[in-house]
Amino acid sequence: MLKVMLVDDEPFILQGLQILIDWNKEGYEIVAALSNGKEALDFLKENEVDLIISDIQMPVMTGLDLLETIQNEKLSSARFAILTGFDDFSYAQRAIKNNSMDYILKPVQKKDILSLLRNVSNLDKEDREKIDNQQKLEDAYLARNVISLIKGKYDNNNLEYVEKHMQISGKVRYADIEVISQNADIEEDDSEKRANQRQLYAVCKKVVMDNANHFIFDVSYDENSYDIGFIYCDHMATRNDMTDAEYFEKLTKKVENVLLKPVRVTCGKKVNDISGIAKSYSSCCMLNSIKGFHSQKSVYIYEEEVQIEQKSAFLCKKSIDECIAAIEKNEKERIEASVETLYSEMYSDGDGSNLANLNINYLLFQLIHLATEQDDNINQEEVIQYISENSFEDTLSRGSLQHMKNFALEYADYLMSLRKNFSRGILSNIEKEIAEHFAENISLRNLGEKYYMNSSYLGQVFRKKYNMSFKDYLTNIRINEAAKQLVTSEKKINQISEEVGYLDCDYFIRKFIEIKGCTPSKYRKNNSII
């Protein structure tokens, strides 16, 4: 509701204005009815209003003096309208000079007040849209600078902008927040995942309102990831006398209470300042890759989860080396036998759980190294994560013997794909398919199944060739098509949004701003050829 202040020294005028129309129906509420300009000034010093309707001639302070004082002292941004019984141009001229938006003669007519209110409502809507669009531009620009730091490709301009626009102090860490699928048997399509991600982003910003711009949309390189990035600083916990773990547990519960869906947080290792956030992000990716072999919980913290002690007495090194050799040569029976031997050795003493975690982590790191030797441009941590999740079945426990067997067999196939590098001819076919079907629910998972490729691997080689993720490539295709339609047609923006593949028009507008630097409506206005 927009707030209105009425100012007139004649009580029956004040009363008449209040009953003349249904203010609530028009979207307004009268918050003050005062008898002179001085009372109005005092009220404005403590309260905000959206519209002031004031008489001109009043004792103590006139309406025009009130208007001029508000303008000179910048007391309020409220719109102003003058009521008067004097049909004198000099009054109107003075009112207009001081930005009065209307000059209404007494006796006041209902239609004149309604016209005023509807004009104010329209202007207020335009102002809110401008503010909202400006905020989207600022958020997108900040996110771009933060992502530069997260990916380790930044300069002093990026760093200074982030430090200026975020509340950064003390040590920091990168955290990954995602919605956990509640029904593993039902595969959500990309639009549902995107909707969940967008809802998660909005809830996170609402829950941590004082640090809302610390949440970043679309950070991950992983095409199958619909998570939210979060830049955590020490002060967030210490000001509430909490540990990091306690803070993230509380954050998770708050988000889940609003979202009504389970949420998982993965925290990278703590670094000294924001300039080192890329190391924290990298450790978060690594933790994401290995947590698939550990028991599920709502919060994972790097320092608590990754504790590989370089003591050979704890490592089943001979068994691990045999597993790696079998996986490298893709010998199926040997892989299964070597995994069985490793698990038998890991659980041979009484402290099997801790020993298993240590050895599984070590094995995974060695496999990452093995794959990196084949292609060091691919994010192997994300490949490990993808394969471990896809080799897990609900009937198994995470990190179980069968889970590891499934993983090892699929990872061996992945290594073979790396060696063959059979993606070269496929990418041109994929490029053509995207050009023809960009508006459909197209994803790397679908393309991977169609072309018999591991979708995570496909995403990595796609990035290598086009220097951008599949998701960004698809977004650029869609936004460029939308830009074309904006300047060559009179279609509504929400119609264009749907036709290029975005059912969520707000999300479409945000992505358009990120790529084109302005809103769709402004782009159309500046470039239209019809």
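You'll find the structure just up there.
Every chain is numbered independently, its residues counted from 1 as its sequence is written. Thresholds applied to this predicted model are a pLDDT of at least 70 for local features of residues and 80 or more for the giving and counting of side-chain atom pairs; totals over whole chains, interfaces and linings are not thresholded and use all residues. With hydrogens and water excluded, all non-hydrogen atoms of the structure serve as input to the side-chain values.

Colleague: Can you lay out the overall build of the protein for me, pointing to particular residues and giving the numbers?
Modeller: A count of helical and extended segments in the protein gives 23 helices and ten strands. Contacts between residues were defined by any pair of non-hydrogen atoms, one from each residue, lying within 4.5 Å. Across the protein, the fraction of contacts at a sequence separation of at least 24, relative to all contacts at a separation of at least 6, is 68%. Surface exposure here means Shrake-Rupley accessible area, sampled with a 1.4 Å probe, where a residue is shielded only by the protein chains that are shown. Accessible surface computed for the protein: about 26200 Å², of which carbon and sulfur atoms make up 47%. Strands here mean DSSP runs of E at least two residues long; helices mean DSSP runs of H or I at least four residues long; both are numbered from the N terminus.

Colleague: Which residues make up the side chain of N158, and what are the values?
Modeller: Looking at the secondary structure, you find N158 in helix 6 (residues 156-165). Between N or O atoms, a polar contact is any pair within 3.5 Å; within protein, one atom must be a potential hydrogen donor and the other a potential acceptor, and residues adjacent in sequence are included only when both atoms are from side chains. Among the polar contacts made by the side chain of N158, one reaches the main-chain amide nitrogen of D155 at a distance of 2.9 Å.

Colleague: Requested: an account of the pattern of salt bridges, with residues and values cited.
Modeller: A pairing counts as a salt bridge when a side-chain nitrogen of Lys or Arg comes within 4 Å of a carboxyl oxygen of Asp or Glu. All told, the structure shown has 27 salt bridges when counted by the stated rule. Across the pair D124 and R128 runs a salt bridge, and its minimum N-O distance is 2.8 Å. Here D124 pairs with R128, and both are found in helix 5 (residues 110-150), just four residues apart, close to one helical turn. Only protein chains enter the accessibility calculation, which uses a 1.4 Å probe; a residue whose area is less than 20% of its type maximum is buried, one above 50% is exposed, and one in between is partly exposed. Residue classification places D124 among the buried residues on the basis of a relative accessible area of 15%. In this structure, a network of salt bridges that share partners links the residues R173, D234, D244, K270 and E303.

Colleague: Any details on the packing of helix 12 (residues 317-329) against helix 13 (residues 332-346)? Residues and values, ideally.
Modeller: To obtain each axis, a line is fitted to C-alpha atoms, and for helices this fit is confined to the stretch in contact; angles are then taken between N-to-C directions over 0 to 180 degrees. Their axes nearest at 9 Å, the elements helix 12 and helix 13 cross at an angle of 160°. Looking at the two axes, helix 12 sits roughly antiparallel to helix 13. The interaxial crossing formed by helix 12 with helix 13 has left-handed handedness. For the pair helix 12 and helix 13, the contacting residues are S319, I320, E322, C323, A325, A326, I327 and K329 in the first and R334, I335, S338, V339, T341, L342 and E345 in the second. Each residue belonging to the contact of helix 12 with helix 13 can be placed in one class, and the counts come to eight nonpolar, three polar and four charged. Oblique is the label for any angle not covered by the other classes, which are roughly parallel (under 35 degrees), roughly antiparallel (over 145) and roughly perpendicular (65 to 115). Put simply, a crossing is left-handed when the front helix is turned counterclockwise from the back one by less than a right angle, and right-handed when it is turned clockwise. When residues are grouped by polarity, Ala, Val, Leu, Ile, Met, Phe, Trp, Tyr, Cys and Pro land in nonpolar, Asp, Glu, Lys and Arg in charged, and all others, Gly among them, in polar.

Colleague: Report on the packing of aromatic side chains, specifying residues and quantitative values.
Modeller: Side-chain rings of Phe, Tyr and Trp (the six-membered ring for Trp) are treated as a pair once their centres are within 6.5 Å; stacked means planes under 30 degrees apart, edge-to-face means over 60, and tilted covers the remaining angles. Tallied over the full model, the rule gives 14 aromatic pairs. Aromatic pair Y232 and F248: ring centres 4.9 Å apart, planes at 45°, arrangement tilted. Of the two residues, Y232 is situated in strand 8 (residues 228-233) and F248 in helix 9 (residues 244-259); the sequence distance between them amounts to 16 residues. Exposure remark for Y232: the relative accessible area of 0% places this residue in the buried category. Residue F248 is classed as buried on the basis of its relative accessible area of 0%. Relative to F508, the ring of Y502 lies with its centre 5.9 Å away and its plane at 40°, an arrangement referred to as tilted. You can call Y502 buried: its relative accessible area is 6%. For the cation-ring pair, K471 lies above Y226, with the distance from its terminal atom to the ring centre recorded as 5.0 Å. Looking at R478, its charged tip hangs above the ring of Y502, at a distance of 5.1 Å from the centre. Two conditions define a charge located above a ring, namely a distance within 6 Å from the ring centre to NZ of Lys or CZ of Arg, and an angle within 35 degrees of the ring normal.

Colleague: Give a description of the pairing of strand 6 (residues 172-179) that names residues and reports values.
Modeller: With seven of eight residues buried, strand 6 lies mostly within the body of the structure. Two strands are counted as paired when DSSP detects at least two bridges linking them. Relative to strand 8, strand 6 runs antiparallel, the two sharing six bridges. Across the sheet, Y174 pairs through a bridge with I231, a residue of strand 8. Where strand 6 and strand 9 (residues 263-267) come together, five bridges link them in antiparallel fashion. Across the sheet, the residue bridging to D176 is T266, located in strand 9.

Colleague: Can you break down the nonpolar core residue by residue, with the values?
Modeller: Remark: nonpolar core denotes a set of buried residues (Ala, Val, Leu, Ile, Met, Phe, Trp, Tyr, Cys) joined through side-chain atoms within 4.5 Å. Membership of the largest hydrophobic core comes to 76 residues, with the highest contact counts inside it found for I177, F230, Y247, F248, I430 and I434. Considering each element in turn, this core owes the most residues, eight residues, to helix 20 (residues 470-488). Listed in part, the 35 residues of the second largest apolar core include M286, L315, I327 and Y343.

Colleague: Account for the pairing of strand 9, naming residues and giving values.
Modeller: With respect to burial, strand 9 is a largely interior element, five of its five residues being buried. Judged by which residues are buried, strand 9 turns out to be covered on both faces: V263, V265 and C267 on one side and R264 and T266 on the other are all buried. Examined bridge by bridge, strand 9 and strand 10 (residues 299-301) share three bridges and lie parallel to one another. What sits directly across from V265, in strand 10, is V299.

Colleague: Which residues make up the side chain of N211, and what are the values?
Modeller: Within the secondary structure, N211 is located in the loop between helix 7 (190-207) and strand 7 (215-217). A distance of 3.1 Å separates polar atoms of two side chains, one belonging to N211 and the other to R239.

Colleague: How would you summarise the sheet that holds strand 5 (residues 102-105) if you had to cite specific residues and measurements?
Modeller: Strands sit in the order 2-1-3-4-5 across an open sheet of five strands; the sheet is parallel. Strand pairing shows two members of the sheet lacking a second neighbour, strand 2 (28-34) and strand 5, which therefore form its edges. The average undirected angle you get between the axes of adjacent strands in this sheet is 20°. As judged from the six bridges shared by strand 1 (residues 2-7) and strand 2, these two strands associate in the parallel manner. Across the sheet, the residue bridging to L2 is Y28, located in strand 2. Sheet strands in contact with helix 3 (residues 63-73) are strand 3 (51-55) and strand 4 (79-84), and its direction is about 165° off that of strand 4.

Colleague: Explain the environment of A143 to me, using residue names and the numbers behind them.
Modeller: Within the fold, A143 resides in helix 5. Residue classification places A143 among the buried residues on the basis of a relative accessible area of 17%. For the pair A143 and I216, spaced 73 residues apart in the sequence, the C-alpha separation amounts to 6.0 Å.

Colleague: An account of a negative patch on the surface is needed here, citing residue identities and associated values.
Modeller: Among the surface-exposed residues, D155, E160, E163 and D273 lie close enough to one another that they form a single negatively charged patch. Since its relative accessible area comes to 43%, E163 is described here as partly exposed. Residues forming no salt bridge and having over 30% relative accessible area are the ones grouped into patches, like charges within 9 Å of each other and nonpolar side chains (Val, Leu, Ile, Met, Phe, Trp, Tyr) within 5 Å. In this count, Lys and Arg are taken as positive residues and Asp and Glu as negative ones, while His and the chain termini are left out. Each charge is placed at NZ for Lys, CZ for Arg, CG for Asp and CD for Glu.

Colleague: Can you tell me about the environment of D234, naming the residues and giving the values?
Modeller: Summarising the element assignment, D234 is placed in helix 8 (residues 234-238). Residue D234 is classed as buried on the basis of its relative accessible area of 19%. Residues D234 and K171, spaced 63 residues apart in sequence, show a C-alpha to C-alpha distance of 5.6 Å. Look past the residues within four positions of D234 in its chain and what remains in contact with it is S169, G170, K171, D244 and K270.

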